[in-house]
Amino acid sequence: MKLLRHWFTFEGSVARRAYLVHGAALMAVKYLTDAALIWFLAGARWLPSDYITTGSSFEHSKLAGAPAMLPLILSAWTVPFLWVGLTLTTRRALDAKVSPWFALCFVVPLVNYFAMLLLCVLPTADEPATEPAPMAYRGKRQGQYAALAAGTATGVLLVVIGVMALRSYGAALFVGTPFIMGAITAYVFNRWYPATSGETLEMVMWTLGAVGAALLVFAIEGALCLIMALPLAVATAWLGSKFGRFVAQQEAGATAHIVMVVLLAPLATPLIDARSAVRTREVRSAVEITAGPDIVWRNVVEFPRIDGPRELLFRAGVAYPIGARIDGQGVGAIRYCEFSTGSFVEPITRWEPGRRLSFDVTRQPAPMRELSPYGIQPPHLDGYFRAVRGEFRLIALPDGGTRLEGSTWYDLTIHPAPYFALIADFVVGRIHKRVLSHIRAIGEAERVLAASTSP
């Protein structure tokens, strides 16, 4: 327990030797576990140099073709090491009389190696001859106003720069922005008032809500996107509050340093997001239909209009399928899958009547209509979710029925991908269910009708 407190909290100081020993040991554990997971799940040898060479070229690296769960496992395994590294680096910076805000370099790829090396070299600074003057607080109410203003301004500014200027929907936006916003809110609040952890977290959550409201009011983002990002933002803002409160309690945390953090954060975005892996994911769904493959096939190729959705997900603005039609037959025919926001254009690449229908996706509509009073079209609606291809497979069952399987392959360039892929997989799965259930209802109704009219 003592060791866990040393790693996961900001208790105690970290001298140069301790930083080197603990850091090296944790890096070894992290590497050996990563290498073992990659070996067993992907059949590839993982070297220390692969951490540098593998990034945006994920699909062309040793991990190409790895199971879809591998990135999720590796990401979940990495999170505690990031936090431990941040707590150790923050206290090592203080031990060397370096601004604790310098510890944020630990989470920036490539820069973190130089930051860790520097802190392994710098000696413990001499203690001042006199005790520092006690911190002069200004009051809780004033601190709340100051923290809310500083945190909201920081959050909105970083979102505007990331979305409008850099057009980046990556880890820097969804993880870095709420963390920095939470850290600055907590820092300002605790410099003005000696707040508890609970009071600090409450203040950070109010600020997070204010940032979301500002993004809605100024038509920067819609409510649906904010709701999807909320769990991730709450978690990272909470961690930021821990960091900011600790820094505020230290004499070394000069207020001027937070300005430098806000200014340098956008500059780190390319380094962080350039490491984000893009891989094609498959979502597969299936239903069993009490009708033969010949009947099911006709309704797979094209099907009549589906009734309006009852699901809250689709009524909230996520695009949903309405119907499908086709021009021509066989390979080269063009299938149009009509959605609430427009049509998917799907050239047929494989035509096996009663067995398989495969197609590419050459054009797609917006994946959703954002919930906003302004009718906005934020950048994330344009190409950040891209369907690549799809396929229906029909399997004849011994009882005369059909097992209908549907697959969609898509690329997702919103990061962290393991988090947003869970949302995307769920949404695509619900779309599949809407289509497959409709085809099942039509096919079974046709079978009953055919049976009732046969001699």
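An account of the accompanying structure is given in this report.

To continue, consider the pairing of strand β1 (residues 280-289). Of the two faces of β1, only the one carrying Arg281, Val283, Ser285, Val287 and Ile289 is buried; Thr280, Glu282, Arg284, Ala286 and Glu288 on the other face are not. Pairing geometry for β1 and strand β7 (residues 402-412), over 10 bridges, is antiparallel. Within β7, the position partnered with Val283 by the bridge is Thr408.

This paragraph deals with the packing of helix α4 (residues 69-95) against helix α9 (residues 223-248). For the pair α4 and α9, the least separation of the axes is 12 Å and the interaxial angle reads 10 degrees. Relative to α9, the element α4 lies roughly parallel. Counted together, Trp83, Leu86, Thr90, Arg91 and Leu94 of α4 and Leu239, Lys242, Phe243 and Phe246 of α9 form the full contact between these two elements. Along the lines of polarity and charge, the residues of the contact of α4 with α9 split into six nonpolar, one polar and two charged.

The biggest cluster of nonpolar side chains holds 29 residues, and the ones touching the most others in it are Tyr169, Phe174, Tyr410, Leu412 and Phe420. Only α6 (140-165), α7 (171-192), α8 (197-217), α9, β7 and α13 (417-453) provide two or more residues apiece to this core. Leave out the neighbours within four places in its chain, and Tyr169 touches Val163, Phe174, Glu221, Pro378, Pro379, His380, Tyr384, Thr413, Ile414 and His415. Counting residues in hydrophobic clusters, the runner-up holds 28 residues, among them Phe10, Ala146, Phe243 and Ala265.

Strands sit in the order β1-β7-β6-β5-β4-β3-β2 across an open sheet of seven strands; the sheet is antiparallel. At either end of the open sheet lies a strand with only one pairing partner, and these are β1 and β2 (321-327). Each strand axis lies, on average, 25 degrees off the axis of its neighbour in the sheet, ignoring direction. Strand direction decides the pairing type here: strand β5 (residues 356-360) and strand β6 (residues 385-396), joined by five bridges, are antiparallel. From the neighbouring strand, Arg356 faces β6, where its bridge partner is Arg393. This element, α13, spans β1, β2, β3 (334-339), β6 and β7 of the sheet and lies at about 25 degrees to β1.

On to α4. For α4, which comprises 27 residues, the first-to-last C-alpha distance of 40 Å matches the rise-based estimate of 39 Å (1.5 Å per residue) to within 8%. Lys97, located one to two residues past α4, shows a positive phi value of around 60 degrees.

For the rest of this paragraph, the subject is α9. Its 26 residues place the ends of α9 only 33 Å apart at the C-alpha level, less than the 38 Å of an ideal helix rising 1.5 Å per residue. The largest bend in α9 comes to about 50 degrees, at Leu230, with the proline Pro231 one to four residues further on.

A separate point is the side chain of Arg393. As for its position among the elements, Arg393 is in strand β6. Polar contacts involving the side chain of Arg393 include one to the side chain of Ser407, which spans 2.7 Å. In this view, Arg393 contacts Glu282, Arg284, Arg355, Arg356, Arg403, Leu404, Glu405, Ser407 and Trp409; residues no more than four positions away in its chain are not counted.

A surface patch of nonpolar side chains, amounting to about 530 Å² of accessible area, comprises Ile52, Leu110, Val111, Tyr113, Phe114 and Leu271. Of all the elements, helix α5 (residues 111-121) adds the most residues to the nonpolar patch, at three residues. The exposure class of Leu271 is partly exposed, given its relative accessible area of 32%.

With that out of the way, let us pick up the pairing of β6. By the bridge criterion, 11 bridges tie β6 to β7 in an arrangement that is antiparallel. Counterpart to Arg386 in the pairing with β7 is Asp411. If you look at the hairpin formed by β6 and β7, you'll find five residues sitting between the two strands, and Gly400 has a positive phi there, around 95 degrees.

Now for the side chain of Asp95. Topologically, Asp95 is positioned in helix α4. Filtering out sequence-adjacent residues up to four positions away, Asp95 remains in contact with Val14, Ala15, Arg16, Pro123, Thr124 and Ala125.

Note on pairing: side chains with opposite charge can pair once their charged atoms come close. Applying the stated rule across the entire model yields 17 salt bridges. Its salt-bridge partner being Arg350, residue Glu352 comes within 2.6 Å of it at the nearest N-O pair. By relative accessible area, Glu352 is classed as buried at 19%. Taking the shortest distance from any N to any O, the salt bridge between Glu352 and Arg355 comes out at 3.8 Å. What you see here is one network of salt bridges that share partners, running through Arg356, Glu391, Arg393, Arg403 and Glu405.

Here we take up unusual backbone geometry. In this structure, the amide linkage connecting His415 to the following residue, Pro416, adopts the cis form with an omega of 5 degrees. With respect to the helices, strands and loops of the structure, Pro416 is situated in the loop between β7 and α13. The backbone of Leu110 shows a phi angle near 70 degrees, a positive value even though the residue is not glycine. In this fold, Leu110 is placed in the loop between α4 and α5. A positive phi angle is found at Arg167, which is not glycine, with a value near 50 degrees. Relative to the assigned elements, Arg167 resides in the loop between α6 and α7. On the basis of relative accessibility, which here comes to 44%, the residue Arg167 falls in the partly exposed class.

The rules behind these values
- Residues numbered from 1 in each chain as written.
- Predicted model: local features only at pLDDT ≥ 70, side-chain atom pairs only at ≥ 80, totals over all residues.
- Heavy atoms only, no water.
- Buried < 20%, exposed > 50% of the residue type's maximum accessible area, 1.4 Å probe, protein only.
- Helix = DSSP H or I, 4+ residues; strand = E, 2+ residues; numbered from the N terminus.
- Pairing = 2+ DSSP bridges.
- Axes fitted to C-alpha atoms, helices over the stretch in contact; angles between N-to-C directions.
- Parallel < 35°, antiparallel > 145°, perpendicular 65-115°, else oblique.
- Contact = heavy atoms within 4.5 Å.
- Nonpolar A, V, L, I, M, F, W, Y, C, P; charged D, E, K, R; others polar.
- Core = buried A, V, L, I, M, F, W, Y, C linked by side-chain atoms within 4.5 Å.
- Expected span 1.5 Å × (residues − 1).
- Bend = angle between axes of the 7 residues up to and from the residue.
- Polar contact = N/O pair within 3.5 Å; in protein donor to acceptor, adjacent residues only side chain to side chain.
- Patch = residues over 30% accessible without salt bridge, like charges linked within 9 Å, V, L, I, M, F, W, Y side chains within 5 Å.
- Areas by Shrake-Rupley, 256 points an atom, 1.4 Å probe, with all protein chains shown as cover.
- Salt bridge = Lys/Arg side-chain N within 4 Å of Asp/Glu carboxyl O.

Everything listed is a geometric property; what it means functionally is a separate question.
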